[in-house]
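Single-letter residue listing:
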Amino acid sequence: MMKNIGFAICLLIASLPWISAAPESLLSIDELPPKGTTQVWSPLFQASWEKLTELHAGKLAKVEPANAFIAKLEAFSWQADKVMPQDGYAVYAGPATQKFAQDTAAAIKKQFDVSIDPNRVPIIPGGNVAYGILVRDLKFEKKFFLSRNNALEFRSTKNKPQKVKYFGTAGKLSEEYSQYVKVLQYDDEGSSFLLSIATDKDGENLMIYRPSEPCSFGDAFEHVKKAKKAPLTGGFGGVRDPSLHRQDVVKIPYITLKADTDFTAQLKGNIFYAGEATPWRIVKAFQVTQFELFEDGAKVRVETAVGGEPFGEAPKPRAVPVVPRNFICDRPFFVFLWRADAEMPYLAAWIDGGDCLTEFKK
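Residues numbered from 1 in each chain as written. Predicted model: local features only at pLDDT ≥ 70, side-chain atom pairs only at ≥ 80, totals over all residues. Heavy atoms only, no water.

Participant: Summarise the overall build of the protein chain; cite the residues concerned and give the values.
Facilitator: The number of helices and strands found in the protein chain is six helices and 20 strands. In terms of C-alpha radius of gyration, the protein chain reaches 23 Å, essentially the compact-globule figure of 21 Å for 362 residues. The dimensions of the protein chain, computed from C-alpha atoms along their principal axes, are 75 × 65 × 35 Å. For the protein chain, buried positions account for 51% of its 362 residues. Of the roughly 16,900 Å² of accessible surface on the protein chain, a fraction of 53% belongs to carbon and sulfur atoms. The positive charge centre, built from 45 side chains, and the negative charge centre, built from 43, are 5 Å apart in the protein chain. (Helix = DSSP H or I, 4+ residues; strand = E, 2+ residues; numbered from the N terminus. Rg over C-alpha atoms; globule rule 2.2 N^0.38 Å. Buried < 20%, exposed > 50% of the residue type's maximum accessible area, 1.4 Å probe, protein only. Areas by Shrake-Rupley, 256 points an atom, 1.4 Å probe, with all protein chains shown as cover. Lys, Arg positive; Asp, Glu negative; His and termini not counted. Charge placed at Lys NZ, Arg CZ, Asp CG, Glu CD.)

Pasting the structure below:
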């Protein structure tokens, strides 16, 4: 009898639409997201890794056994000063002592008015640590409308429907967003699109990319870069109008995301630096990402740590006819926080359902 009850409970849990994998942070941008999993990536961990490496006199020479994640971190090429938000992040590195932890917490409080527990900064006898933080509060240049009476039905890649809370615009009101929302791509009647939404931070936009099929973060970045170089150029009111116009419909789910991911197991191996006889190993590495998206704008806070020890190892005229378009995020989509001249975003999230979306309640 008990076995039957347990089997029934398992069936019930498996059938619940809201049950899904917890959001997770990524080290690599090359893999296709698993079905039904919301993922987030930020180059803040890359910046922290590079700061940790700078504490050694020589460059990393080899890792034994070889580690693909470490190899990708070492091979990563970017311009941090163009990608990361100015005055929005910092990375601190030094000996992994109690004093360093306390000094780092005090520096973060002074620079960002954010309190962190010094115990979050790894303390490793004889080791080194880098601790990074990213804090950004973006306001849309023009606030969107919250849907109070209707839900958006979102379907994940597992085809699980969720009735979720959303914001956006529709009808004549959409024309008021023409100078704030740019359409970089629109294909197949809205099955795939890319929107760039202006924020109060000069040169920083929030982008919504709904691909026709799931893709890796790296492929999504390349798609956005191409679209930015060759945006839509059609006339006002047409299907290739580069600005939002009246009768266009925008529906974007509320997002409340927290991903707390330990990277330590992914960074195993003895790390040899040039000029040092003793190898090092990573004994602590993590990223915690908190992200919110709502009708006013977006908030993000990312914290990363990586520690190692030596191991002995303008408005258009209304007279022009328009073609209504649908920019509806009812299927998995990317959200990017992206500086204008950067080659990649400073925050990227793949939203594929689960409890990062807010259940609709009247």
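Moving on from the coordinates now.
Participant: So what's going on with the sheet that holds strand β18 (residues 326-328)? Which residues, and what values?
Facilitator: Read across the open sheet, the four strands follow the order β6-β9-β13-β18; overall the sheet is mixed. In this open sheet, the two strands that pair with only one neighbour each are β6 (145-146) and β18. Sheet topology places strand β9 (residues 166-169) next to strand β13 (residues 249-253); four bridges connect them, and they run antiparallel. When the sheet's bridge partners are listed, Gly168 is paired in β13 with Lys251. (Pairing = 2+ DSSP bridges.)

Participant: Break down the packing of aromatic side chains for me, citing the residues and quoting the values.
Facilitator: Taken as a whole and assessed by the stated rule, the structure comprises 22 aromatic pairs. With a centroid separation of 6.4 Å and 70 degrees between ring planes, the pair formed by Phe145 and Tyr177 is classed as edge-to-face. Here the residue Phe145 occupies a position in strand β6, and Tyr177 occupies one in the loop between β9 and β10 (181-187), the gap between them amounting to 32 residues. Taking the relative accessible area as the measure of exposure, Tyr177 reaches 0% and is therefore buried. Between Phe217 and Phe334, the ring centres sit 5.3 Å apart and the planes meet at 85 degrees, which makes this aromatic pair edge-to-face. (Phe/Tyr/Trp six-rings, centres within 6.5 Å; stacked < 30°, edge-to-face > 60°.)

Participant: Hey, could you go over the sheet that holds strand β12 (residues 204-210) for me, with residue numbers and the actual values?
Facilitator: The strand order across the open sheet formed by seven strands is β1-β2-β20-β19-β12-β11-β10, and the pairing between neighbours is mixed. Strand pairing shows two members of the sheet lacking a second neighbour, β1 (21-25) and β10, which therefore form its edges. In this sheet, adjacent strand axes meet at a mean angle of 10 degrees when their direction is disregarded. Note: β12 against strand β19 (residues 333-339), six bridges, orientation antiparallel. Of the residues in β19, the one forming a bridge with Ile208 is Val335. Strands β2 (37-41), β10, β11 (192-198), β12, β19 and β20 (347-351) of the sheet are contacted by helix α6 (residues 217-229), whose axis makes an angle of about 60 degrees with β19. (Axes fitted to C-alpha atoms, helices over the stretch in contact; angles between N-to-C directions. Contact = heavy atoms within 4.5 Å.)

Participant: How would you explain helix α2 (residues 44-54) if you had to name every residue and give the values?
Facilitator: Where burial is concerned, most of α2 is hidden: eight out of the 11 residues are buried. Among the residues making up α2, those that are buried are Leu44, Phe45, Gln46, Ala47, Ser48, Trp49, Leu52 and Thr53.

Participant: Any chance you could break down the pattern of salt bridges for me, citing the residues and the numbers?
Facilitator: By the definition in use, this model includes 20 salt bridges. One salt bridge in this structure joins Asp30 and Lys72, with 3.4 Å as the shortest N-O distance. Of this pair, Asp30 sits in the loop between β1 and β2 while Lys72 sits in helix α3 (residues 68-75), and the two are 42 residues apart along the sequence. Asp30 sits in the partly exposed class, given a relative accessible area of 48%. (Salt bridge = Lys/Arg side-chain N within 4 Å of Asp/Glu carboxyl O.)

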